Number of protein chains: 2
Amino acid sequence: MAAQQRQVTLTEVARAAGVSTATASRAINGSSRRVSEDIAARVKRTAEELGYLPNLSAQTVAKGASPTVAVLLSDIADPYFSAIASGIMAGASEAALMVTMAASERSGARELQMLRTFRSQHPRAIIVAGSRDEENTHSPEVTAALRAYAETGGRVVVISQGPSPFDLVDIQNHDGARKLAHALLDRGGAHFGVVSGRVTLHTNADRINGFRTGLAERGHTLADDAIVEAEFTRDGGYVGMQELLARREDLGAPLDTVFVTSDMMAFGAATAIRDHGLSVGADISLAGFDNVGLTQDVTPAMTSVEIPLHEVGRSAVRMALGSGTEPAHLAVQTHVVLRASTPQR
Amino acid sequence: MAAQQRQVTLTEVARAAGVSTATASRAINGSSRRVSEDIAARVKRTAEELGYLPNLSAQTVAKGASPTVAVLLSDIADPYFSAIASGIMAGASEAALMVTMAASERSGARELQMLRTFRSQHPRAIIVAGSRDEENTHSPEVTAALRAYAETGGRVVVISQGPSPFDLVDIQNHDGARKLAHALLDRGGAHFGVVSGRVTLHTNADRINGFRTGLAERGHTLADDAIVEAEFTRDGGYVGMQELLARREDLGAPLDTVFVTSDMMAFGAATAIRDHGLSVGADISLAGFDNVGLTQDVTPAMTSVEIPLHEVGRSAVRMALGSGTEPAHLAVQTHVVLRASTPQR
DNA sequence: TTGAAAGCGGTACCAG
DNA sequence: CTGGTACCGCTTTCAA
């Protein structure tokens with residue numbers, strides 16, 4: 001094994017090029033570039049030859065901030081978050097920023113812990129995308145940590161959180177669900193049901209309310225007992241749909257169209273419908289939300305509401321870099337994608 | 001907006017607690033903990049009161065290495081990678097490490113660029129998970145960069161790359177495909193086809209060869225013209241399957257079972273089969289690889305080969321922390337999961 | 001334009 | 001066990 005070689009430092013480059021470290025610094029990472037062409041060239045060349053690589057930590061400690069954006073989300077394995085993460089990484093790459101990422105796994109304690117670690121890093125911005133799954137807008141502790149960070153000059157961008165004291169990328173869940181209701185009515189839906197993740201989550205509440213609003217605008221109503229709450233997971237969707245079907249049968253109430261508040265849940269729900277001996281589409285129209293990639297590959301293809309998740313991520317980074325003194329606010333529009341799971345009836 | 005407050009520093013804590021920075025450092029981030037109970041407690045308390053947060057960059061520059069693992073993958077939006085990433089983040093969290101992540105988007109130039117950035121960070125380890133999609137094991141430049149990093153004391157862990165001069169988490173693609181062939185033969189498959197991503201990719205080559213080996217072990221063969229190459233994406237699967245179906249029909253050759261070398265492609269392939277007027281399962285048995293979560297939610301549920309991706313990620317981190325001087329090597333077993341897309345025939 | 005030198009926030013060796 | 005201090009690698013006044 002090769003001897004533990006040390007990294008080449010700026011000082012070494014400077015000496016090799018016969019200039020001061022100050023000049024070398026200006027030549028290589030030049031801010032107020034005031035170095036003569038030839039010297040700059042020479043320094044860069046020697047840096048290249050020696051294989052010099054700037055020490056980011058040293059730069060950070062000297063400058064006070066790291067060329068980094070920190071991302072907190074609840075679960076990167078969830079396609080919803082991985083799509084956002086993908087956009088964030090793209091945006092960061094465009095802005096020559098690094099990305100530090102951590103998953104809270106839906107644990108508040110962990111979330112707080114990661115936030116502390118993030119703060120220790122002095123990133124340019126902290127992007128929080130995990131809150132769709134959290135009970136509260138933010139726990140007071142989290143808000144406090146975020147605020148403390150903001151007060152030391154950091155930028156906080158929150159994705160999908162309704163009103164926020166921080167920069168906000170606001171996904172139009174309410175409006176999307178509202179438009180979905182209209183579309184489903186247009187397709188002949190008459191007896192609606194909803195399977196939702198916990199309604200204490202803003203996202204779910206917004207989607208349900210939007211859906212209800214959309215129905216109401218056309219003179220339809222959504223019975224309270226036609227809304228089933230379950231876990232915000234694929235399995236939750238399965239269980240929730242079972243429950244909904246059972247309830248409707250017990251009441252002898254008709255049911256032809258079900259809105260499930262997320263695609264992941266909807267996939268589970270579709271399976272539940274089949275296991276119940278019914279057909280998705282023919283018997284029960286089924287629509288999800290998020291328009292995850294596979295909505296078009298399941299059978300029947302699933303109607304959903306598209307959120308431009310990748311763009312959401314990129315926008316978040318751009319906001320993080322914005323210079324506005326006021327917290328910015330960006331409304332991200334959603335739109336309905338009709339597919340075979342909600343045929344004309 | 002609150003005035004730009006500065007972060008509390010160790011020096012301030014030390015002064016407030018009436019001790020030297022040396023002692024404060026030992027008390028708070030104690031390495032060779034040799035501080036009296038009471039003083040340590042006092043220091044910690046004042047740190048708490050002042051809201052002190054260590055400056056990670058300063059620690060890094062002083063110590064020479066950052067408590068970080070850097071992850072390079074090709075596309076976090078791909079469930080394959082996001083599952084690995086999830087495991088990595090879990091492993092990192094367990095080891096109190098941060099995670100820096102970047103996506104190469106399958107661009108060699110970008111990959112090299114991100115590697116440079118990673119090296120600038122002095123992370124404890126670099127984990128490369130993107131290579132399944134790269135043409136070569138590694139481009140010489142990438143290997144050189146990795147080697148240079150390793151020579152400065154860094155640890156490199158490669159996921160799924162066949163022989164490697166670095167630590168390796170070796171996913172048993174060949175063996176998995178081989179076992180899949182056996183399973184499909186047991187289900188009565190007789191006329192096989194394969195839709196694959198580019199065979200210049202190790203992963204695809206291994207899977208095809210494994211499949212062929214499995215068939216051969218039972219006296220079956222796989223015709224060369226029964227293998228179609230396409231893009232390693234969902235759409236590639238669609239196109240590839242179209243091509244395969246067309247070819248077989250042109251030749252008047254029978255086809256009852258198709259192995260697609262990834263689930264993503266298989267989802268596209270399933271749609272192609274349907275668009276061709278055939279039924280997945282009844283007419284054509286279809287199997288994928290990776291056992292992505294949704295394999296069980298599509299209809300019919302898709303037979304696949306499971307890779308314990310989350311564990312792969314965690315293992316990668318553990319290897320990264322390993323102290324062995326020799327490059328370590330971990331074989332990760334895969335196993336067949338039979339579902340409705342490959343019924344008994 | 002270039003160089004000297006004072007930090008940036010911590011760590012760790014060396015005395016005491 | 002504690003404090004003094006050199007130093008980690010780089011940036012940035014301040015002079016020259």
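Per an unreviewed UniProt entry, the recorded name for chain A is LacI family transcriptional regulator, and the organism is Nesterenkonia aurantiaca.

> Describe the domain arrangement of chain A, with residues and values.
Parsing chain A into structural domains produces domain 1 (1–51), domain 2 (67–171 + 310–332) and domain 3 (173–307). Taking only C-alpha atoms, the centre of domain 2 of chain A and the centre of domain 3 of chain A are 29 Å apart.

> How would you explain the relation of the copies chain A and chain B if you had to name every residue and give the values?
Between the two copies, chain A and chain B, the superposition gives an RMSD of 0.1 Å; the rotation angle is 180 degrees and the shift along the axis is 0.0 Å. Taken together, the rotation angle and the small translation identify this as a two-fold axis. A shared interface surface links the copies, since 100% of the contact residues of chain A are contact residues in chain B too.

> Give a detailed account of helix 3 (residues 37–50) of chain B, specifying residues and quantitative values.
All names here are of chain B. A rise of 1.5 Å per residue sets the reference length of helix 3, with its 14 residues, at 20 Å; its end C-alpha atoms lie 20 Å apart and thus fit the reference within 8%. Burial in helix 3 covers these residues: Ala40, Val43, Thr46 and Ala47. Take helix 3 and look down its axis: the buried residues cluster within an arc of 135 degrees, on one side only. Projecting away from the buried face of helix 3 at angles above 90 degrees are the exposed residues Glu37, Asp38, Glu48 and Glu49. If you follow the buried residues of helix 3, they end up packed against helix 1 (10–17) and helix 2 (21–29). Within two residues after helix 3, glycine 51 carries a phi angle of roughly 70 degrees, on the positive side.

> Explain the pattern of salt bridges to me, and be specific about the residues and the numbers.
Counted according to the given criterion, the structure contains 30 salt bridges over all chains. A salt bridge links arginine 234 of chain A to aspartate 235 of chain A; the nearest nitrogen and oxygen atoms lie 3.0 Å apart. Accessibility expressed as a relative area gives 18% for arginine 234 of chain A, which makes it buried. A relative accessible area of 48% places aspartate 235 of chain A in the partly exposed class. With its nearest N and O atoms 2.9 Å apart, the salt bridge here joins arginine 178 of chain B to aspartate 175 of chain B. Note that arginine 178 of chain B and aspartate 175 of chain B are positioned in helix 8 (residues 173–186) at a spacing of 3 residues, about one turn of the helix. One salt-bridge network, in which partners are shared between bridges, spans Glu94, Glu311, Arg314 and Arg318 of chain A.

> So what about the protein's contact with DNA strand C? Which residues, and what values?
If you check the shell around DNA strand C, you find 28 residues, and the closest are Thr23, Arg34 and Ile39 of chain A together with Leu10 and Ser25 of chain B. Considering the 4 Å shell around the protein, atoms of DNA strand C inside it are sugar or phosphate in 72% of instances. Contact distances for DNA strand C include 2.8 Å between a base nitrogen and a side-chain N or O atom of arginine 26 of chain A. Taking glutamine 59 of chain B, its side chain carries an N or O atom lying 2.9 Å from a phosphate oxygen of DNA strand C. Contributions of two or more residues to the surface near DNA strand C are made by helix 2 (21–29) and helix 4 (56–63) of chain A together with helix 2 and helix 4 (56–63) of chain B. Element by element, the count of residues in the surface near DNA strand C is highest for helix 4 of chain B, at 5 residues. When the residues that make up the surface near DNA strand C are grouped by side-chain class, the tally is 14 nonpolar, 9 polar and 5 charged.

> Report on the interface of chain A and chain B, specifying residues and quantitative values.
At the junction of the two partners, chain A supplies 54 residues and chain B supplies 54 residues. Taking both partners together, chain A and chain B bury about 4700 Å²; carbon and sulfur atoms supply 58% of that area. Inspection of the region where chain A meets chain B yields 0 salt bridges. Of all the elements, helix 6 (residues 108–121) of chain A adds the most residues to the side of chain A that touches chain B, at 8 residues. In the side of chain A that touches chain B, the residues fall into 24 nonpolar, 21 polar and 9 charged.

> Give me the lowdown on the side chain of aspartate 167 of chain B, citing residues and values where you can.
Residue and element names in this part refer to chain B. Secondary-structure assignment places aspartate 167 in strand 5 (residues 167–171). Only 2.6 Å separates the side chain of aspartate 167 from the side chain of arginine 155, close enough to count as a polar contact. Setting aside residues no more than four positions away along its own chain, aspartate 167 makes contact with Arg155, Val156, Val157, Val158, Met319, Glu326, Pro327 and Ala328.

> Give me the lowdown on the protein's contact with DNA strand D, citing residues and values where you can.
Around DNA strand D sit 28 residues in total, of which Leu10, Ser25 and Tyr52 of chain A together with Arg26 and Ser36 of chain B are the nearest. Elements supplying a minimum of two residues to the surface near DNA strand D: helix 2 and helix 4 of chain A together with helix 2 and helix 4 of chain B. In terms of residues, the surface near DNA strand D owes the most to one element, helix 4 of chain A, which gives 5 residues. Considered class by class, the residues forming the surface near DNA strand D number 13 nonpolar, 10 polar and 5 charged.

> Tell me about helix 4 of chain A, residues and numbers included.
Residue and element names in this part refer to chain A. Within the sequence span of helix 4, burial applies to Leu56, Ser57 and Thr60. For helix 4, the angular spread of the buried residues around the axis is 100 degrees, confining them to a single face. Where helix 4 begins, the side chain of asparagine 55 points an oxygen toward the backbone nitrogen of serine 57, at a separation of 2.9 Å. Among the residues trailing helix 4, glycine 64 stands out with phi positive, at a value near 100 degrees.

> Account for the sheet that holds strand 8 (residues 257–260) of chain B, with residues named and values stated.
All names here are of chain B. What the 4 strands build is an open sheet, ordered 7-6-8-9; its pairing is parallel. Every other strand in the sheet has two partners, leaving strand 7 (227–229) and strand 9 (285–287) as the edge strands with one partner each. Sheet twist, expressed as the average angle between the axes of neighbouring strands with direction ignored, equals 15 degrees. By the bridge criterion, 3 bridges tie strand 6 (residues 192–196) to strand 7 in an arrangement that is parallel. Residue pairing for strand 7: valine 195 is matched across the bridge by valine 228.

> Lay out the sheet that holds strand 6 (residues 192–196) of chain A in plain terms, naming residues and giving numbers.
All names here are of chain A. Ordered by their spatial adjacency, 4 strands build an open sheet running 7-6-8-9, and the pairing between neighbours is parallel. Of all the strands in the sheet, just strand 7 (227–229) and strand 9 (285–287) have a single pairing partner and so form its edges. Direction aside, the axes of adjacent strands within the sheet are offset by 15 degrees on average. Relative to strand 8 (residues 257–260), strand 6 runs parallel, the two being bridged by 4 bridges. Across the sheet, the residue bridging to glycine 193 is valine 258, located in strand 8. Across the sheet, helix 8 (residues 173–186) touches strand 6, strand 8 and strand 9, and the angle it forms with strand 8 is around 165 degrees.

Conventions adopted
Residues numbered from 1 in each chain as written. Chains lettered and ligands numbered in written order. Predicted model: local features only at pLDDT ≥ 70, side-chain atom pairs only at ≥ 80, totals over all residues. Heavy atoms only, no water. Domains from an automatic or database assignment. Least-squares fit on C-alpha atoms with pLDDT ≥ 70 in both. Contact = heavy atoms within 4.5 Å. Helix = DSSP H or I, 4+ residues; strand = E, 2+ residues; numbered from the N terminus. Expected span 1.5 Å × (residues − 1). Buried < 20%, exposed > 50% of the residue type's maximum accessible area, 1.4 Å probe, protein only. Arc of directions from axis to C-beta. Salt bridge = Lys/Arg side-chain N within 4 Å of Asp/Glu carboxyl O. Near = heavy atom within 4 Å. Polar contact = N/O pair within 3.5 Å; in protein donor to acceptor, adjacent residues only side chain to side chain. Nonpolar A, V, L, I, M, F, W, Y, C, P; charged D, E, K, R; others polar. Buried area = accessible area lost by both parts, 1.4 Å probe. Pairing = 2+ DSSP bridges. Axes fitted to C-alpha atoms, helices over the stretch in contact; angles between N-to-C directions.

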